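Examination of the molecular architecture
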Amino acid sequence: MMTLEKFEEASELVKRVTNPTKLIRSEYLSEQTGGKVYLKPENMQHTGAYKIRGAYYKISTMTEEERSRGLITASAGNHAQGVAFAARKFGCKAVIVMPTVTPLIKVNRTKSYGAEVVLYGDVYDDSYAYACELAEKEGYTFVHPFNDLDVATGQGTIAMEIVQELPTVDYILVPVGGGGLISGVATLAKMLNPKIKVIGAEPAEAASMTVALKAGEVVELDGANTIADGTAVKAVGDKILPYVQENVDDMLLVEDDELIGAFLDMVENHKMIVENSGLLSVAALKQLDLKGKKVVCVLSGGNMDVITMSSIVQHGLIQRDRIFSVSVLLPDKPGELVQVAKTIADEQGNVIKLEHNQFVSTNRNAAVELRITMEAFGTEHKNRILDALERKGFRPKLISAKLY
């Protein structure tokens, strides 16, 4: 069982390997929600995620014989690094099975802690099945990423720190994948103060916890296709589900598009890189009435490769109308391009790409196409630019924006 005594023990033990992640007051999110919003930046841990807590505590509870056999786990990346880092502290061998689509940064960092990495399967569940096979074949000790009460106890130490720093917290929002984090956080939070509401947030396309709670039992999804790769789990843990049923107040679903906006907000307003899974708690804020409430969003991780990052930023700018493209048809004669550019400049638009196609029509004198990609301050500014082009007779047509 998860008990207060074990949570207290774990809270002291994990201090050996964790960075202090003091709460950060978010003025931006507070203004957006009407509440007092704080961030618990677990993305700032040594391994870039909270997973070091559960991994280290779990390994600390093992016997010497269990550790000497070598450890094995399956992970989409953050638990992998947690186990690898903790195993090195205990002098154990660690084998990590990761999905083939795991971001390179997570693979390389896991290797950097001395672990052996095996890439297998498209999603976590495939990797898990293969890791179980290897554990049986080679005699390794398995460290489950979420369906383990000791692991969940280690993750729950986050709640201890939140309550110690903000005793009057009203809401704690927690990203949900397999359920290890929220089961630990919710169980301890309710022990410390039953009035605290613990809310889970999971991807709409990988809603394994929501489905399990509705069914009253673990249900395996057909798929888990989401940009929140760290929470792309098709089935939650049966050992931790009862704790979630008892202690979690609500579950919220987050669309991938909402994570894109949350990433942009975090970069621009807080100067922090938080991976998509770690932003589930932030993206879910707008679904709650938080006026006058003290809220903590757990940012569960920050391990994101730069290619994914650049793609998210691009999509975020387009999503918020800060980058858009238009097509206009012009007579093929000197001065027309200048007129278009001047119209955009007069409205403070910034052209970042031009494509001039003389072959859109067989009659070049009648029309050539000009495709313009530009920056704006947002939807209102974009509409002003479009109106100005329309007034000048250019008849702009919105087209799909691309920066490449």
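Description of the structure in this document. (Residues numbered from 1 in each chain as written. Predicted model: local features only at pLDDT ≥ 70, side-chain atom pairs only at ≥ 80, totals over all residues. Heavy atoms only, no water.)

**What about the overall build of the protein?**
Scanning the protein from terminus to terminus reveals 16 helices and 14 strands. Principal-axis analysis of the C-alpha atoms places the extent of the protein at approximately 85 × 50 × 40 Å. Burial statistics for the protein: of 404 residues in total, 57% are counted as buried. Sequence-distant contacts in the protein: of pairs separated by 6 or more residues, those separated by 24 or more amount to 73%. Counting every atom, the protein has about 17,800 Å² of accessible surface; 49% of that belongs to carbon and sulfur. Averaging the coordinates of the 44 positive side-chain charges in the protein and doing the same for the 52 negative ones gives two points 5 Å apart. (Helix = DSSP H or I, 4+ residues; strand = E, 2+ residues; numbered from the N terminus. Buried < 20%, exposed > 50% of the residue type's maximum accessible area, 1.4 Å probe, protein only. Contact = heavy atoms within 4.5 Å. Areas by Shrake-Rupley, 256 points an atom, 1.4 Å probe, with all protein chains shown as cover. Lys, Arg positive; Asp, Glu negative; His and termini not counted. Charge placed at Lys NZ, Arg CZ, Asp CG, Glu CD.)

**As for the sheet that holds strand β12 (residues 350-357)**
The four strands lie next to each other as β12-β13-β11-β14, forming an open sheet whose pairing is antiparallel. Only two strands of the sheet have a single partner each, and these edge strands are β12 and β14 (397-399). Strand-to-strand twist across the sheet, computed as the mean angle between neighbouring axes with direction ignored, equals 30 degrees. Pairing geometry for strand β11 (residues 323-330) and β14, over three bridges, is antiparallel. (Pairing = 2+ DSSP bridges. Axes fitted to C-alpha atoms, helices over the stretch in contact; angles between N-to-C directions.)

**Notes on the pattern of salt bridges**
As enumerated under the stated definition, the model contains 19 salt bridges in all. A salt bridge links Lys58 to Asp148; its shortest N-O distance comes to 3.0 Å. Within this pair, whereas Lys58 is found in helix α3 (residues 51-60), its partner Asp148 is found in the loop between β6 (141-142) and α8 (149-165), the two being separated by 90 residues in sequence. You can call Lys58 buried: its relative accessible area is 14%. Across the salt bridge formed by Glu258 and Lys286, the nearest N and O atoms sit 3.3 Å from each other. Here Glu258 is found in helix α12 (residues 256-270), whereas its partner Lys286 is found in the loop between α13 (280-283) and β10 (294-299), with 28 residues between them in sequence. On the basis of relative accessibility, which here comes to 62%, the residue Lys286 falls in the exposed class. Several salt bridges converge on common partners, so that one network encompasses Lys40, Glu42, Arg53 and Glu161. (Salt bridge = Lys/Arg side-chain N within 4 Å of Asp/Glu carboxyl O.)

**A word on the environment of Tyr56**
Relative to the helices and strands, Tyr56 is located in helix α3. Apart from the residues lying within four places of it in its own chain, the contact partners of Tyr56 are Leu13, Val14, Arg16, Val17, Ala86, Lys89 and Phe90.

**Looking at helix α10 (residues 208-215)**
Since there are 3.6 residues in each turn of an α-helix, residues three or four apart along the chain are aligned in direction. All buried positions along α10 are accounted for by Ser208, Met209, Thr210 and Ala212. On its buried side, α10 packs onto β8 (197-203), α11 (241-247) and β9 (250-254). Gly216 sits one or two residues past α10 and shows a positive phi near 80 degrees.

**Thoughts on the packing of aromatic side chains**
Tallied over the full model, the rule gives four aromatic pairs. A centroid spacing of 5.0 Å and a plane angle of 35 degrees characterise the contact between Tyr56 and Phe90, whose relative ring orientation is tilted. Here the residue Tyr56 occupies a position in helix α3, and Phe90 occupies one in helix α5 (residues 78-90), the gap between them amounting to 34 residues. Under the relative-accessibility criterion, Phe90 is labelled partly exposed at 28%. Taking 5.6 Å as the distance between ring centres and 80 degrees as the angle between the ring planes, the aromatic pair formed by Tyr128 and Phe142 counts as edge-to-face. (Phe/Tyr/Trp six-rings, centres within 6.5 Å; stacked < 30°, edge-to-face > 60°.)

**Some thoughts on a nonpolar patch on the surface**
A contiguous nonpolar patch, built from Leu4, Met191 and Leu192 and spanning about 220 Å² of accessible area, is present on the exposed surface. Turning to its location among the elements, Met191 is positioned in helix α9 (residues 180-192). (Patch = residues over 30% accessible without salt bridge, like charges linked within 9 Å, V, L, I, M, F, W, Y side chains within 5 Å.)

**Some remarks on the pairing of β11**
In summary, the side chains of a regular strand alternate between the two faces of the sheet. Among the eight residues in β11, seven count as buried, and that is most of the element. Where β11 and strand β13 (residues 368-375) come together, eight bridges link them in antiparallel fashion. Across the sheet, residue Ile323 finds its bridge partner in β13, namely Glu375.

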